[in-house]
Amino acid sequence: MRKMTYGQGIKEGMRIRMLENPDVFIFGEDVGLFGGCFGVTSGLFDEFGDKRVRDTPISEGAIIGAAVGSAAAGLRPIAELMFIDFLTVGMDQLVNQAAKMGYMFGGKIKLPMVVRLPAGGGVRAAAQHSQSLEAWLTHVPGLKVVYPSNPQDAIGLMLSAIDDDNPVMYIEHKTLYAVPGEVEDEVKPIPFGKANIKKEGTDVTIITYGKQVYDALKAAEILAKDDIDVEVIDLRSLYPLDKQTIFNSIEKTHKVVLVSEEAKRGAYTGELAAMIAEECFFECDAPIKRVGALNTPIPFSAELEDYVLPNAEDIVNAVKSLF
Amino acid sequence: MKISNQSIIEMYEKMLKIRKFETKAMNLFAEGKIPGFVHLYIGEEAVATGACASLRDDDYITSTHRGHGHIIAKGGDLKYMMAELFGKETGYCKGKGGSMHIADATKGILGANGIVGAGHTIAVGAGLAAQYKGTDQVCVCFFGDASTNQSTFHEGLNLASIWKLPVVFVCENNGYGISVSQARHQAITDISVRAVAYNMPGITVDGNDVFAVYEAVNEAVSRARKGQGPTLVECKTYRWRGHFEGDPTVYRPVEELEQWKKKDPIPRMEKYIIENKVMTEADVTKLNEKMEKMVDDAVDFAVKSNNPSMASAVEDVYTDIIEEARVR
Ligand SMILES: Cc1ncc(C[n+]2csc(CCOP(=O)(O)OP(=O)(O)O)c2C)c(N)n1
Ligand SMILES: [Mg+2]
């Protein structure tokens, strides 16, 4: 075992595949010399050179478009957007091109591309640099969406993302970059669609991912004092989705709370709730509960941002409301 | 060029105001009093000042992530700006926007912007509104060199050109987009050449010479007011600080900064003012002190202001709907 941060885990995953496969390369804004806005690619420019770690102009349309084109032509690009919020600028290339080419062309074209997407709030970066937009992506048939919460998963999911022949959206929570964790000496690819039970419990299931895994575990500790035994599931992969782990847990606990940092209206947790209601309704003995951000843009002021975003206390309250 | 002493003094005052505001913001950030991202305008003061000198209160500007200078030049109030940087309820945006999102509708300031390239097309819309209503208002669109690689730059210039809109595109070419030098982000050195592609006048000026900026933008503004369409004005300048506060600037040589510091727009203007007896040295000192005091008062105002109320978090998403609050 060794220790590394989440950010280092992301880098490690990319580096492993870059060492093995010359077709894997990285590009994005300030990823080279500067090492990325959050330092995730630091050192890779020196190690692999400017052919394989490329600074691009500020042109998100071209960044995603070039990922599509180079993947279609046989490379395995990893494109970084500095913030997930800038996806809007490259959305046509992603949604109308990347997501649909495989299907529209009758399966004749493969797109082994990864788009790295730093997301989430909590750093006082205000409305255009703090969003959680995973629901936009899970809604689009043709995209796979993963969201690691710790260094080990960051590596394993990155390996699978690079190996995958479909466009994979790899979402990273900005507040986790410096968070350390234990990592196995040799990390294997983590197959998509395999959730991770972070804590077993018998009374209620919390389903979440990314930063909120930590909030959920904190809530579980608080709830333990009230003799509520919480099970915490880290989805890791939003699509494909590990329904079986979800069903098994609800069959045991009969109560479920879904947590994400998204504005609640139209959130990915809504999709999860609908799926559970459709496929597992009779196992639930309480309403399916959701915790999310308020339905507002993310405000700048620290007090307002902390109020708008969900936290452990909100999860505790949501769980208690089921008993 | 004919320009009144009164206008010269006003421009000098604006440049000082920007420099002192930014220096204070720099220190406050270092002390941990301002959170989030802060992008400073130190070294580039002549661009916003020279460009806004031909504008009226009812003219528009669009700004960028590096917006403090534009807002001050267009008449923004330091108190409300500083309070916004602190995230206070008295700030321009009630603490919801912060440094990157300051706007003042009463002064035609259509907002600083966190999305690189967003202003180019918003400016076109403001120009369209002026033309549509038959007013002689204009919109000045401020943007950086690196933003000219976004599609919005090209779409915006094209649309402004075919519709002959009253927009002046003012490019602040400071040689970098974060860590990427101009030579690494585009294959041209003079961004004004891009005007050719859209059949509009394009000119490059010394962005550290406030008179040169004034002259070029003034001509562009009068053309725009007369319905003669848009202009692209490129101002060559340099940012002294990192891209954002906290950026170690490993990507540029120290000597480059030193060279540019010698071209500091403020002493340059001071020299002109004193040599041409527009002001005495004593007046200059007094004005410096006045601007410092104004910035200190702004900080004082910000510090004494309240944090926004939690209730305000769910207001302003719509004009007519208040979103659900949280029980906590
Ligand atoms: C759409 C978008 N892409 C990327 C960024 C990140 N970013 C913020 S400022 C900046 C550099 C801008 O350079 P330039 O336009 O030259 O302005 P300068 O900072 O030099 O004033 C970048 C890449 C962003 N805010 N928005
Ligand atoms: Mg620049």
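Residues numbered from 1 in each chain as written. Chains lettered and ligands numbered in written order. Predicted model: local features only at pLDDT ≥ 70, side-chain atom pairs only at ≥ 80, totals over all residues. Heavy atoms only, no water.

## Quick look at the overall build of chain B
Argument step 1. A count of helices and strands for chain B gives 12 helices and 7 strands.
Argument step 2. In terms of overall size, chain B behaves like a compact globule, its C-alpha atoms giving a radius of gyration of 20 Å where 328 residues would be expected to give roughly 20 Å.
Argument step 3. A principal-axis box enclosing the C-alpha atoms of chain B has dimensions of 60 × 50 × 40 Å.
Argument step 4. Sorting the 328 residues of chain B into buried and exposed places 57% on the buried side.
Argument step 5. For chain B, the accessible surface area stands at approximately 13500 Å², while carbon and sulfur atoms represent 53% of it. (Helix = DSSP H or I, 4+ residues; strand = E, 2+ residues; numbered from the N terminus. Rg over C-alpha atoms; globule rule 2.2 N^0.38 Å. Buried < 20%, exposed > 50% of the residue type's maximum accessible area, 1.4 Å probe, protein only. Areas by Shrake-Rupley, 256 points an atom, 1.4 Å probe, with all protein chains shown as cover.)

## Some points on the site of ligand 1
Argument step 1. Residues in contact with ligand 1 amount to 22 residues; listed here are only the nearest, Glu60(A), His65(B), Arg66(B), Gly114(B) and Asn174(B).
Argument step 2. Surrounding ligand 1 is a set of residues that belongs to chains A and B.
Argument step 3. Asn174(B) is positioned with one of its side-chain polar atoms (N or O) 2.8 Å from an oxygen atom of ligand 1.
Argument step 4. Measuring from an oxygen atom of ligand 1, one finds a backbone N or O atom of Tyr176(B) at 2.9 Å.
Argument step 5. Starting from 580 Å² of accessible surface for ligand 1 in isolation, the protein chains cover 98%.
Argument step 6. The residue inventory of the shell around ligand 1, partitioned by class, reads 9 nonpolar, 9 polar and 4 charged. (Near = heavy atom within 4 Å. Polar contact = N/O pair within 3.5 Å; in protein donor to acceptor, adjacent residues only side chain to side chain. Nonpolar A, V, L, I, M, F, W, Y, C, P; charged D, E, K, R; others polar.)

## What about the interface of chain B and chain A?
When the parts come together, some accessible area is lost, and that loss is often what is quoted as the size of the interface.
Argument step 1. Contact with chain B, which involves 45 residues of that partner, is made by 42 residues of chain A.
Argument step 2. Buried surface at the junction of chain B and chain A, both sides included, amounts to about 3500 Å², of which 62% is carbon and sulfur.
Argument step 3. Among the residues chain B hides against chain A, the three largest losses belong to Met310(B), Arg326(B) and Arg328(B). Together they make up 21% of the total.
Argument step 4. In this structure, the connection of chain B to chain A is made through 4 salt bridges.
Argument step 5. Linking Asp314(A) and Arg326(B) is a salt bridge whose minimum nitrogen-to-oxygen distance equals 3.5 Å.
Argument step 6. At the surface where chain B touches chain A, the tally comes to 17 residue pairs in polar contact (both at pLDDT 80 or more).
Argument step 7. Looking at the side of chain B that touches chain A, the elements that each hand over two or more residues are helix H4 (78–85) and helix H7 (182–185) of chain B. (Contact = heavy atoms within 4.5 Å. Buried area = accessible area lost by both parts, 1.4 Å probe. Salt bridge = Lys/Arg side-chain N within 4 Å of Asp/Glu carboxyl O.)

## Looking at unusual backbone geometry
Argument step 1. At the junction of Tyr239(A) and Pro240(A), the peptide bond is cis and its omega measures out at 5 degrees in the coordinates.
Argument step 2. Unusually for a residue other than glycine, Asp227(A) sits at a positive phi of about 60 degrees.
Argument step 3. Take Asp227(A): it is sitting in the loop between helix H7 (212–224) and strand S11 (230–234).
Argument step 4. Positive phi values are uncommon outside glycine, yet Asn199(B) reaches one of about 50 degrees.
Argument step 5. Here Asn199(B) shows up in the loop between helix H8 (194–197) and strand S6 (202–206).
Argument step 6. By relative accessible area, which is 71% here, Asn199(B) ends up exposed.

## Things to note about the sheet that holds strand S12 (residues 237–239) of chain A
All names here are of chain A.
Argument step 1. Overall, mixed pairing links the 7 strands, which are arranged S3-S2-S4-S5-S7-S6-S12 in an open sheet. Bordering the open sheet on either side are strand S3 (53–55) and S12, each of which pairs with just one other strand. In this sheet, neighbouring strand axes are inclined to one another by 20 degrees on average, regardless of whether the strands run parallel or antiparallel.
Argument step 2. As paired elements, strand S6 (residues 144–146) and S12 share 2 bridges and run antiparallel to each other. Bridged to Val146 within S12 is Ser237.
Argument step 3. Helix H3 (residues 60–72) contacts strand S2 (24–28) and strand S4 (76–80) of the sheet and is inclined by roughly 170 degrees relative to S4.
Argument step 4. Along the sheet, helix H6 (residues 151–163) makes contact with S2, S4, strand S5 (114–119), S6 and strand S7 (168–173), crossing S7 at roughly 160 degrees. (Pairing = 2+ DSSP bridges. Axes fitted to C-alpha atoms, helices over the stretch in contact; angles between N-to-C directions.)

## Re the domain arrangement of chain A
All names here are of chain A.
Argument step 1. When its domains are assigned, chain A resolves into domain 1 (2–183) and domain 2 (196–320).
Argument step 2. Using only C-alpha atoms to locate each centre, domain 1 and domain 2 end up separated by 26 Å.
Argument step 3. For the pair domain 1 and domain 2, the summed buried surface comes to about 2000 Å²; carbon and sulfur atoms form 56% of the total.
Argument step 4. It is Arg124, Tyr147 and Ser149 in domain 1 that bury the most area against domain 2; as a group they hold 28% of the surface buried on that side.
Argument step 5. In this assembly, domain 1 and domain 2 are joined by 3 salt bridges.
Argument step 6. Asp153 serves as the salt-bridge partner of Arg236, at 3.0 Å between the closest nitrogen and oxygen. (Domains from an automatic or database assignment.)

## Section: helix H11 (residues 312–320) of chain A
All names here are of chain A.
Argument step 1. For H11, every residue scored as buried is listed here: Ala312, Asp314, Ile315, Val316, Ala318 and Val319.
Argument step 2. As for H11, its buried residues are in contact with strand S10 (204–208), H7, strand S13 (256–263) and strand S14 (289–293).
Argument step 3. Where H11 begins, one side-chain oxygen reaches toward the backbone nitrogen of Glu313, 3.0 Å away; that side chain belongs to Asn311.

## Describing the packing of aromatic side chains
All names here are of chain B.
Argument step 1. Tallied over the full model, the rule gives 19 aromatic pairs over all chains.
Argument step 2. Between Tyr238 and Trp260, the aromatic rings sit 5.5 Å apart at their centres with planes inclined by 5 degrees, giving stacked as the arrangement. Taken together, the residues span a long stretch of sequence, with Tyr238 in the loop between strand S7 (231–236) and helix H10 (254–261) and Trp260 in helix H10 at a distance of 22 residues.
Argument step 3. Owing to a relative accessible area of 3%, Tyr238 belongs among the buried residues under this scheme. (Phe/Tyr/Trp six-rings, centres within 6.5 Å; stacked < 30°, edge-to-face > 60°.)

## A short note on the coordination of the magnesium ion (ligand 2)
Residues and elements named next belong to chain B.
Argument step 1. The coordination sphere of the magnesium ion (ligand 2) contains the protein donors Asp145 (OD), Asn174 (OD1) and Tyr176 (O), at a distance range of 2.0 to 2.1 Å.
Argument step 2. Sequence spacing among the residues donating to the magnesium ion (ligand 2) works out to D-x28-N-x1-Y. Neither Asn174 nor Tyr176 differs from the other in exposure class; each is buried. (Donors = N, O, S within 2.8 Å, 3.2 Å for Na, K, Ca; no water.)

## As for a nonpolar patch on the surface
Argument step 1. Among the surface-exposed residues, Leu128(B), Ile162(B) and Trp163(B) lie close enough to one another that they form a single nonpolar patch of about 300 Å² accessible area.
Argument step 2. As for its placement among the helices and strands, Leu128(B) is situated in helix H5 (residues 118–133). (Patch = residues over 30% accessible without salt bridge, like charges linked within 9 Å, V, L, I, M, F, W, Y side chains within 5 Å.)

## Some points on the pairing of S10(A)
Residues and elements named next belong to chain A.
Argument step 1. Judged by how many residues are buried, S10 sits mostly within the fold: 5 of 5 residues are covered.
Argument step 2. Two elements, S10 and S11, share 5 bridges in a ladder whose sense is parallel. What sits directly across from Thr205, in S11, is Glu231.
Argument step 3. Running through H7, the crossover from S10 to the neighbouring parallel element S11 is right-handed.
Argument step 4. In this sheet, S13 lies alongside S10 in parallel orientation, the contact comprising 3 bridges. Considered in S13, the bridge of Thr205 is made with Val256. (Right-handed = clockwise from strand over helix to strand, strands pointing away.)

## Let's talk about H5(B)
Residues and elements named next belong to chain B.
Argument step 1. A rise of 1.5 Å per residue sets the reference length of H5, with its 16 residues, at 22 Å; its end C-alpha atoms lie 23 Å apart and thus fit the reference within 8%.
Argument step 2. Turning to H5, its buried residues number three or more, namely Ala118, Gly119, His120, Ala123, Val124, Ala126, Gly127 and Ala130.
Argument step 3. Contacts from the buried residues of H5 go to strand S1 (60–62), strand S2 (139–144), helix H6 (151–162) and strand S3 (167–173).
Argument step 4. In the stretch just after H5, Gly134 is the one whose phi turns positive, near 75 degrees. (Expected span 1.5 Å × (residues − 1).)

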